[in-house]
Amino acid sequence: MSWRQPALRTRAMIAFGLMALLVSSIVAAAAYGLTRSTLIGQRERVAERQTYLNARSVRSALSGDAADPAGALARTQPSPGGIALLRVGDEWFSSSVSGGRSDVPSSLVEVLDEGTAGRQRTLGDDGPAVAVGVPLAEADAAYVELVPFGEAERTLVLVARGLLVATLASTAAGIVAGRWLTGRVLRPVRRTAEAANHIREGALDRRLENEQDADLRPLVQSFNEMVAGLQARIEREARFASDVSHELRSPLATMDAALSVARRRAADPAAVEALDVLDTEVGRFRDLIVDLLEIARAEAGVAELSLDEVDPGRLASSILEATAREGVRLVVDPTSGERTRLDKRRIGQALVNLLDNADNYGGGATCLTVSGDPDTVRFTVDDDGPGVPEHEKEYVFERFARGTHATAPGTGLGLALVTEHVRLHGGTVGVEDAPGGGARFVIELPRVTA
């Protein structure tokens, strides 16, 4: 199984989110610990002061002649929820039936036996609490008060919930901040990618706007200079191809005229055969020059469309009739009946090139289909050949590309010229496998209405 690495923006969002989660968790843990320590410490100090006050009251009550332990405990005011315990000799008295000797930690009892006051946290039936003990040596007694931490614990639960919500909110804010920051960082990259796509599609005049960021300005300048150099080179090569093709037309016309004269005066059958071969090659040369001129004009940006309102079905029928292809079946889908504006010469030449390509490479065309929808006009040419191999589909529309199943000579520019004519209309051309075998070439053009 292949693992696909997430996009840079996704990784940045995850990184920002994890960083926010880590920082907010550390802050939340520190805040919770500090709050807990403060609340518990404050609660213990209050309990300790209250215990000492109650112990003084118990000492006063036990110092009389008629010592009454129960009465002495009745004079105490324990903290809310607290329990007061009094040990006189070996006997323990409690202010509540829910508390007794078993609730006092043994270690605290040992400290009291030594005559020293003490404080110790413990866990009772109602939860965590603090036990504060004060020895009453004059009365051979000890006073202990159990103060629960229930209120403090409830407060800490609320604090913990608030910190959890704050942590989650901080994590979400980190993700949003990561998305926003990476969006700003990647915006120049997206603009560069968009410009590169337009340039790839032929818009060589596309340039990047100057960036306010000093760090990105050299990149923008280098990119624009690179595109300018590329545009100048392509235009220079296109002019060269156009000039060469134009200059070759004159000697080609001279050769054609001389060939006609030689054919009229030739009497030797061998000479006639040689002249026929020469005539065929001159014809191929003429077609090559014409195709090169068309492609050069398109690449130089000087080609113009002459749009007319036409019926796609009638245009296809006229092409078959003009090229004497009565054996090619014409199928016109009713949805294609709406008229559209296109350059009849260029689309007609594109269809002829596809039909010729079927003759040269696919055993002849079998069907020409015209279909479409309200937004698209589609021409489909099916042939009776072995089809186009997968590895050839990628470059079959390149210049001078000739398939492995070629049975007739050609210039190798027919499909490249089809691509240029279709591109000028804003359409696409592609090749796929025909349902009944063979190859299927499809031209899709945007429907243009007046």
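As a reminder, the structure under discussion sits directly above these lines.
Residues numbered from 1 in each chain as written. Predicted model: local features only at pLDDT ≥ 70, side-chain atom pairs only at ≥ 80, totals over all residues. Heavy atoms only, no water.

Engineer: Quick question: what am I supposed to make of the pattern of salt bridges here?
Structural biologist: Under the defined criterion, the tally for this structure stands at 11 salt bridges. When the shortest N-O distance is used, the salt bridge between Glu-444 and Arg-378 registers 3.0 Å. One end of the pair, Glu-444, is in strand β12 (residues 439-446); the other, Arg-378, is in strand β10 (residues 376-383), and 66 residues separate them in sequence. Glu-444 sits in the partly exposed class, given a relative accessible area of 31%. Assessed through its relative accessible area of 22%, Arg-378 is described here as partly exposed. Here the salt bridges do not stand alone but share partners, grouping Glu-44, Glu-48, Arg-119 and Arg-121 into one network. (Salt bridge = Lys/Arg side-chain N within 4 Å of Asp/Glu carboxyl O. Helix = DSSP H or I, 4+ residues; strand = E, 2+ residues; numbered from the N terminus. Buried < 20%, exposed > 50% of the residue type's maximum accessible area, 1.4 Å probe, protein only.)

Engineer: I tried to follow the side chain of Asp-382 on my own but got confused; where do I start?
Structural biologist: Tracing the chain through its elements places Asp-382 in strand β10. Given a relative accessible area of 8%, Asp-382 falls into the buried group. Once residues within four sequence positions are removed from consideration, Asp-382 is found in contact with Ala-365, Thr-366, Cys-367, Ala-434, Ala-439 and Arg-440. (Contact = heavy atoms within 4.5 Å.)

Engineer: What am I meant to see in the sheet that holds β10 here?
Structural biologist: As a general point, the strands of a sheet are linked pairwise by backbone hydrogen bonds and lie either parallel or antiparallel. Read across the sheet, five strands follow the order β7-β9-β10-β12-β11 without closing on themselves; strand pairing throughout is mixed. The sheet is open, and its two edges are formed by β7 (329-332) and β11 (428-433), each paired on a single side. Neighbour-to-neighbour, the strand axes of this sheet turn through a mean angle of 15 degrees, independent of strand direction. Of the pairings in the sheet, the one linking β10 to β12 comprises seven bridges and is antiparallel in character. Its bridge partner lying in β12, Asp-382 is registered against Arg-440. On the sheet, helix α8 (residues 344-361) packs against β9 (365-373), β10 and β12 and is oriented at approximately 170 degrees with respect to β12. (Pairing = 2+ DSSP bridges. Axes fitted to C-alpha atoms, helices over the stretch in contact; angles between N-to-C directions.)

Engineer: Explain a nonpolar patch on the surface here, please?
Structural biologist: A surface patch of nonpolar side chains, about 490 Å² in accessible area, is lined by Met-19, Leu-22, Val-23, Ile-26 and Val-27. Looking at where Leu-22 falls in the secondary structure, it is placed in helix α1 (residues 8-62). (Patch = residues over 30% accessible without salt bridge, like charges linked within 9 Å, V, L, I, M, F, W, Y side chains within 5 Å. Areas by Shrake-Rupley, 256 points an atom, 1.4 Å probe, with all protein chains shown as cover.)

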